[in-house]
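# Report on the structure
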Amino acid sequence: MEVPLWFALLAVGYLGVKLIRPPWWLICVLLLGGYLLADSVFAPLIDTAVK
């Protein structure tokens, strides 16, 4: 069974918010920070660290 990545991330994010209940500002900071880092000069460094 193949699940699209966006669906898996959505499901994990939804369960994480429901179970852990982090503050909404923390969720926004993590999403915005990840988005900004993906387009920065650090993107290749992060890519090699993840692989």
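Keep in mind that this is a model prediction, so the values were computed, not measured. (Residues numbered from 1 in each chain as written. Predicted model: local features only at pLDDT ≥ 70, side-chain atom pairs only at ≥ 80, totals over all residues. Heavy atoms only, no water.)

### Looking at the packing of aromatic side chains
By the definition in use, this model includes one aromatic pair. Both rings, one in Trp 6 and one in Phe 7, keep their centres 5.9 Å apart while their planes meet at 85°; by these two values the pair is edge-to-face. Exposure remark for Trp 6: the relative accessible area of 60% places this residue in the exposed category. Overall, the relative accessible area of 45% leaves Phe 7 in the partly exposed class. (Phe/Tyr/Trp six-rings, centres within 6.5 Å; stacked < 30°, edge-to-face > 60°. Buried < 20%, exposed > 50% of the residue type's maximum accessible area, 1.4 Å probe, protein only.)

### Considering helix α1 (residues 5-20)
Under the 1.5 Å per step criterion, the end-to-end length of α1 is 22 Å for 16 residues, consistent within 8% with the ideal 22 Å. Of all 16 residues making up α1, only zero are buried, and the element is barely covered by its neighbours. (Helix = DSSP H or I, 4+ residues; strand = E, 2+ residues; numbered from the N terminus. Expected span 1.5 Å × (residues − 1).)

### A word on the pattern of salt bridges
Scanning the model with the defined rule gives one salt bridge in all. The salt bridge involving Asp 47 is made with Lys 51; its shortest N-O contact spans 3.8 Å. The partly exposed category is assigned to Asp 47, whose relative accessible area is 38%. (Salt bridge = Lys/Arg side-chain N within 4 Å of Asp/Glu carboxyl O.)

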